[in-house]
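Single-letter residue listing:
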Amino acid sequence: MSDLKQTVFHDLHEKAGAKMVPFAGYSMPVQYPLGVMKEHLHCRAAAGLFDVSHMGQVILRGPNVAAALEALIPQDVIGLAERRQRYGFFTNETGGIKDDLMFANRGDHIFMVINAACKEGDLAHMRAHLDGVEIEEITDRALLALQGPKAEAVLSRLNPDVAGMRFMDVATLELVGAECWVSRSGYTGEDGYEISVPNAQAIALAEALLADEAVEAIGLGARDSLRLEAGLCLYGQDMDEGLNPVEASLTWAIQKVRRAGGARAGGFPGDDTILKALETGVDRHRVGLKPEGRAPMRQAVPLFQSEDSSEQIGFVTSGGFGPTVEGPVAMGIVADSLHEPGTVLYGELRGKRQPVTVTSLPFTPANFKR
């Protein structure tokens, strides 16, 4: 663990009794003494605080920054209103997904959050292709996520202005005397906020939030089960450079203006493949999967059409136990002809085929504040 990077909250995690593990080059808390199951359920019922400071924070500046970014992602950047945020992804020349990300219009610049494991590659990609754009990696700010149905009430005690924010709004607000960049978003399916805070005030903010009886610290274990129940992709598992956005069931994230017939159609890496897939369909799709029984089906479990068929028709990308739904849940890639909800497939676990039903996502309803 000695060669791993640490977030500004490392000592706070250890003081709280967290079990630390390597993750994306960082020492990160996988769970606290409360345990993954109780952490998960607490976030669904009240509020959970996550250290997500390992993620990359980037500012893009320039007179034509929105148009420049549209040459790298298939999202509507130019039409994004000020103080609003949007989900997006970098694509490669074959239409695969290089990384997924969040980007926000903060008036005179675009603020972007990228995945920790892809951070260096994403920065190099942008520096190689975003001509005339100033690219600044932010290294003096931490990132916290406060998630759950009581998140608004908790954060409102520090600044009541957060209550007026809608899902995907962004704002600059003072919290514990610090200038914080706040978005109403997250990775759990619950209402909540993501907060970029200067390192110097980060501990004070975390301690102020944890002092509220509604808040518990949440580790990577529950973060994964929460996002899985919410049907949210994890880069490197549910999507990667070999999967295009249509196959990954992320077509909702490509606005009409960037599609065929739109005012700014195409113009991003892999546009021919992606636009064709949007028009004519694909041979495989990401779907929800509900295994029968209590045994989870985890990443790489092969899927078959029947108990005795020899041809593999898909595979599990993410899987585990869903504490909210009280049973195993998974996502996977399956053949187009077998992706309709209600279709029964078979996953091979330890040499035995177990039934699994294709299911609509998410497994638990989203509770975003619209």
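Each chain has its residues counted from 1, running along the sequence as written. Given that this is a predicted model, residues contribute local features only at a pLDDT of at least 70 and side-chain atom pairs are listed and counted only at 80 or more, while totals for whole chains, interfaces and linings are drawn from all residues. Each side-chain value is worked out from all heavy atoms of the structure, with water and hydrogens disregarded.

Novice: For this particular structure, what's the right way to read the pattern of salt bridges?
Specialist: Once the charged atoms of two side chains with opposite charge are near each other, the side chains can pair. When a carboxyl oxygen of Asp or Glu is within 4 Å of a side-chain nitrogen of Lys or Arg, the pair counts as a salt bridge. One pass over the structure, following the stated rule, counts 20 salt bridges. Measuring nitrogen to oxygen at the nearest pair gives 3.0 Å for the salt bridge that ties Arg-61 to Glu-136. Here the residue Arg-61 occupies a position in strand β5 (residues 56-61), and Glu-136 occupies one in strand β9 (residues 134-138), the gap between them amounting to 75 residues. Under the relative-accessibility criterion, Glu-136 is labelled partly exposed at 30%. By the criteria applied, helices consist of DSSP H or I runs no shorter than four residues and strands consist of E runs no shorter than two, each listed in order from the N terminus. Burial classes follow relative accessibility: with a 1.4 Å probe on protein chains only, a residue under 20% of its type's maximum area counts as buried, one over 50% as exposed, and anything between as partly exposed.

Novice: I tried to follow the packing of helix α2 (residues 36-45) against helix α7 (residues 220-229) on my own but got confused; where do I start?
Specialist: For any two helices packed against each other, the geometry is given by the interaxial angle and the distance between the axes. Packing of α2 against α7 leaves a shortest axis separation of 8 Å and a crossing angle of 50 degrees. Our classification of the angle between α2 and α7 gives oblique. Considering how the two elements wind past one another, α2 and α7 form a crossing that is right-handed. Contacts between α2 and α7 pair Val-36, Glu-39, His-40, Cys-43 and Arg-44 from the former with Gly-221, Ala-222, Ser-225, Leu-226 and Glu-229 from the latter. Only Asp, Glu, Lys and Arg are considered charged, only Ala, Val, Leu, Ile, Met, Phe, Trp, Tyr, Cys and Pro nonpolar, and every remaining residue, Gly among them, polar. Partitioning the contact of α2 with α7 into residue classes produces 4 nonpolar, 3 polar and 3 charged. Axis definition: a line fitted to C-alpha atoms, over the contacting stretch in the case of helices. Angles run 0 to 180 degrees between N-to-C directions. Roughly parallel here means an angle under 35 degrees, roughly antiparallel means over 145, roughly perpendicular means 65 to 115, and every remaining angle is called oblique. The crossing is said to be left-handed when, going from far helix to near helix, the turn is anticlockwise and less than a right angle, and right-handed when the turn is clockwise. Whether two residues are in contact is decided by their heavy atoms, any of which lying within 4.5 Å being enough.

Novice: Would you mind going over the sheet that holds strand β4 (residues 47-51) with me for this structure?
Specialist: Hydrogen bonds along the backbone pair up the strands of a sheet, which may run parallel or antiparallel. DSSP calls a pair of strands paired once it identifies at least 2 bridges connecting them. Ordered in space as β11-β12-β13-β10-β4-β14, the 6 strands form an open sheet in which the pairing is mixed. Looking along the sheet, the strands with just one partner apiece sit at the ends: β11 (170-175) and β14 (215-217). When strand polarity is set aside, the average angle formed by the axes of neighbouring strands in this sheet is 30 degrees. In the sheet, strand β12 (residues 178-183) pairs with strand β13 (residues 192-198) via 3 bridges, with the strands oriented antiparallel. Residue pairing in the sheet places Val-182 in a bridge with Ile-195 of β13. Packed on one face of the sheet, helix α6 (residues 199-210) meets β4, β10 (141-147), β11, β12, β13 and β14 and runs near 145 degrees to β13.

Novice: What should I look at first to understand the domain arrangement of the chain in this one?
Specialist: One frequently used descriptor of interface size is the decrease in accessible area upon assembly of the parts. Note that the domain bounds reflect an automated or database-derived domain assignment. Assigned domains of the chain: these are domain 1 (1-280) and domain 2 (283-370). Taken over C-alpha atoms, the centre of domain 1 sits 26 Å from the centre of domain 2. Once two parts are joined, some of their accessible surface, as seen by a 1.4 Å probe, is lost; buried area is that loss totalled over both. For the pair domain 1 and domain 2, the summed buried surface comes to about 2400 Å²; carbon and sulfur atoms form 55% of the total. Contact with domain 2 buries area across many residues of domain 1, yet Phe-167, Leu-228 and Glu-229 alone supply 29% of it, more than any other trio. Run the count over domain 1 and domain 2 and you get 2 salt bridges. Across the salt bridge formed by Lys-369 and Glu-152, the nearest N and O atoms sit 3.2 Å from each other.

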